[in-house]
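# Structure at a glance
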Amino acid sequence: MSWGTELWDQFDNLEKHTQCGIDILEKYIKFVKERTEIELSYAKQLRNLSKKYQPKKNSKEEEEYRYTACKAFLSTLNEMNDYAGQHEVISENMTSQIIVELARYVQELKQERKSHFHDGRKAQQHIETCWKQLESSKRRFERDCKEADRAQQYFEKMDADINVTKADVEKARQQAQMRHQMAEDSKADYSSFLQKFNHEQHEYYHTHLPNIFQKIQEMEERRIVRVGESMKTYAEVDRQVIPIIGKCLDEIVKAANSIDQKNDSQLVIEAYKSGFEPPGDVEFEDYTQPMKRTVSDNSLSNSRGEGKPELKFGGKSKGKLWPFIKKNKGATPEDFSNLPPEQRRKKLQQKVDELNKEIQKEMDQRDAITKMKDVYLKNPQMGDPASLDHKLAEVSQNIEKLRLEAQKFEAWLAEVEGRLPARGDQARRQSGMYDAQNPATVNNCAQDRESPDGSYTEEQSQESEVKVLATDFDDEFDDEEPLPAIGTCKALYTFEGQNEGTISVVEGETLYVIEEDKGDGWTRIRRSEDEEGYVPTSYVEVYLDKNAKGAKTYI
């Protein structure tokens, strides 16, 4: 099966067919190029998607990613990033292995095709030239033969005419012989051109044209093979990334399997456990017995007014039993006393661990400097030992500072751990734990405030006892009346209440007294219904109402 023998007369159709083959190849290159663009766009969108849902650094959202479900989601995002990378690999490999190679091959193919059809046209022109020469010699031979016949007929006519002179007859005879010779010469030329044409035609149809067509056929078959190889490469490029994509998907499944709902539940407990215990039972208040309110009975859990004893548990009401429940909106105290006991213990433990790491780092640096100093002592040419004394002293000072800092936090930690109830302790505090029967609890809270200038430190244990479920019962007793005012006071000095539970006053300002000094140096006052707190007693001049029982509640 050869185009040279089977398609010897289809030169123009072969030219069109091979051009279509090149067009198909260029169309395939364009298809692969668009596929690579899609892969790049898809990879970019996947990366943007993964980046969009990544947790922001140093944000509350990042804290949520300690849970196994969130970690699995984060792992999924990371795997999708790797998944996108594989699509970029597909694009790169298709570009380098298919598009670039085929583009170069198309240029070579066009040059080769042009060369083959140029040779074919050249052969065609040659055979056409031979045919024209044959036709020309044939027409000349035909013309000479006719001229010879006419000359012969004229000679015979002249020879038969008795009136024609011999000279004219001789002239006619010579003319006939000359024409006859010219016809013979034309015949010889025609025969020669005919043989030449037949030879050239045979060579053209049986040698030159088949060779050219054979080369075109081979070129076209190579093109077809190349297209097939490119299609295989196209599939292989995809196949090569399948194992890695499979690993990405396996990692996603592995991350999903690592989700532990029990562990997440435990993490929630560790994150939000306050260390408080649930409130005890509410005691029965016998309203049939006359109740007398005296100044000595005033405490943080006393009745709010005549005939209205206060419910004794950790619920928050409009009267704000315990002003230190308010969250400090300012800077976080160094000892984390603004946190519930369990959370405070965690923060303190974390701080102690960080300080111990810093101490160890400084100690390693001190050891390294000491060793270097020993080397300098043994080999003075390497350096001056005295040059390291300043650095060594500086490191030692840092270690001492860090140790003092660590001891301070360890003391707070030991204090918190010593006051936290043991795990599994099912005993509940009774509702009267803050009653007058337990004045020591309140006094301890007050004694922990150091000075009337507002700088004080609250012991977390007392604070935690008061803040029992402070937020669980907000809505239950919102209709309770606030504590009644038992007098007024005038600020002698300006006081900036920056710590939790205190209130700022301006010199000369008049405020209501709702609880007098219990001997701890602090007086509880109110400016408005929602603004109350403690101020140093020495900063105010108190005017108690003798008819405190009948005093009007501040509105």
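Residues numbered from 1 in each chain as written. Predicted model: local features only at pLDDT ≥ 70, side-chain atom pairs only at ≥ 80, totals over all residues. Heavy atoms only, no water.

The next thing to look at is the pattern of salt bridges. In this structure the tally under the stated criterion is 23 salt bridges. Close ionic contact of glutamate 26 with lysine 110 constitutes a salt bridge, the shortest N to O distance being 2.7 Å. Note that glutamate 26 is positioned in helix H2 (residues 11–52) and lysine 110 in helix H4 (residues 68–160), a separation of 84 residues in sequence. For glutamate 26, a relative accessible area of 31% translates into the label partly exposed. The network of salt bridges with shared partners includes Glu515, Lys518, Arg524, Arg526 and Glu532. (Salt bridge = Lys/Arg side-chain N within 4 Å of Asp/Glu carboxyl O. Helix = DSSP H or I, 4+ residues; strand = E, 2+ residues; numbered from the N terminus. Buried < 20%, exposed > 50% of the residue type's maximum accessible area, 1.4 Å probe, protein only.)

Contact geometry of H2 with H4 gives a least axis separation of 8 Å together with a crossing angle of 165°. Our classification of the angle between H2 and H4 gives roughly antiparallel. Note that H2 runs across H4; the crossing there is left-handed. Each residue belonging to the contact of H2 with H4 can be placed in one class, and the counts come to 25 nonpolar, 12 polar and 10 charged. (Axes fitted to C-alpha atoms, helices over the stretch in contact; angles between N-to-C directions. Parallel < 35°, antiparallel > 145°, perpendicular 65-115°, else oblique. Left-handed = near helix turned anticlockwise from the far one by under 90°. Nonpolar A, V, L, I, M, F, W, Y, C, P; charged D, E, K, R; others polar.)

Before going further, it helps to spend a moment on the pairing of strand E4 (residues 531–536). Where burial is concerned, most of E4 is hidden: five out of the six residues are buried. Direction of pairing for strand E3 (residues 522–528) relative to E4: antiparallel, over a ladder of six bridges. For isoleucine 525, the partnering residue across the bridge sits in E4 and is glycine 533. Counting the residues in the hairpin turn of E3 and E4 gives two residues. (Pairing = 2+ DSSP bridges.)

This model, assessed by the stated rule, comprises 12 aromatic pairs. An angle of 35° between the planes, with centres 5.7 Å apart, marks the rings of phenylalanine 31 and tyrosine 234 as tilted. With phenylalanine 31 in helix H2 and tyrosine 234 in helix H5 (residues 166–257), the pair connects residues that are 203 residues apart, well separated along the chain. An aromatic cluster of three or more residues is present, and its members are Tyr493, Phe495, Trp522 and Tyr539. The cationic tip of arginine 226 hangs over the ring face of tyrosine 105; the distance from NZ or CZ to the ring centre is 4.7 Å. (Phe/Tyr/Trp six-rings, centres within 6.5 Å; stacked < 30°, edge-to-face > 60°. Lys NZ or Arg CZ within 6 Å of the ring centre and 35° of its normal.)

Core analysis: the largest hydrophobic core is formed by 39 residues, its most contacted members being Leu25, Val32, Met94, Ile98, Phe213 and Ile216. At the level of elements, H2, H4 and H5 are the ones that each hand at least two residues to this core. The dominant element in this core, judged by the number of residues it contributes, is H4, at 16 residues. Not counting residues within four places of it along the chain, the set of residues in contact with leucine 25 comprises Leu102, Tyr105, Val106, Leu109, Arg223 and Val227. Core analysis: the next-biggest nonpolar cluster, separate from the first, contains 14 residues, Ile503, Val513, Tyr534 and Val535 among them. (Core = buried A, V, L, I, M, F, W, Y, C linked by side-chain atoms within 4.5 Å. Contact = heavy atoms within 4.5 Å.)

Next up on the list: the sheet that holds strand E1 (residues 487–491). The antiparallel open sheet is built from five strands, whose spatial order is E4-E3-E2-E1-E5. Across the chains shown, the open sheet's two edge strands, defined by having one partner strand only, are E4 and strand E5 (540–544). With strand direction ignored, the average angle separating the axes of adjacent strands in the sheet is 40°. Here E1 pairs with strand E2 (residues 510–515) via four bridges, running antiparallel. Looking across to E2, one finds that threonine 488 is bridged to tyrosine 512.

Across the interface, H2 lies against H5 with an axial gap of 11 Å and an inter-helix angle of 15°. Judged on the interaxial angle alone, H5 and H2 are roughly parallel. H5 is crossed by H2, and the crossing has left-handed handedness. Packed against H2, whose contacting residues are Phe11, Leu14, His17, Thr18, Gly21, Ile22, Leu25, Tyr28, Phe31, Val32 and Arg35, the element H5 presents Leu209, Phe213, Ile216, Met219, Glu220, Arg223, Val227, Ser230, Met231, Tyr234 and Asp238 at the interface. Per-class residue counts for the contact of H2 with H5 are 14 nonpolar, four polar and four charged.

A cluster of acidic side chains, namely Glu61, Glu62, Glu63 and Glu64, defines a negative patch on the protein surface. The topology assignment puts glutamate 64 in the loop between helix H3 (60–63) and H4. Judged by its relative accessible area of 34%, glutamate 64 falls in the partly exposed class. (Patch = residues over 30% accessible without salt bridge, like charges linked within 9 Å, V, L, I, M, F, W, Y side chains within 5 Å. Areas by Shrake-Rupley, 256 points an atom, 1.4 Å probe, with all protein chains shown as cover. Lys, Arg positive; Asp, Glu negative; His and termini not counted. Charge placed at Lys NZ, Arg CZ, Asp CG, Glu CD.)

Before going further, it helps to spend a moment on the side chain of serine 137. Here serine 137 is to be found in helix H4. Excluding its chain neighbours within four sequence positions, the residues that come into contact with serine 137 are Ser186, Asp189, Tyr190 and Phe193.

This part covers the pairing of E2. Here E2 runs beside E3; their pairing, made up of three bridges, is antiparallel. Paired with tyrosine 512 across the bridge in E3 is arginine 526. Once E2 ends, the chain turns through six residues before running back antiparallel as E3, passing glycine 519 with a positive phi of about 100°.

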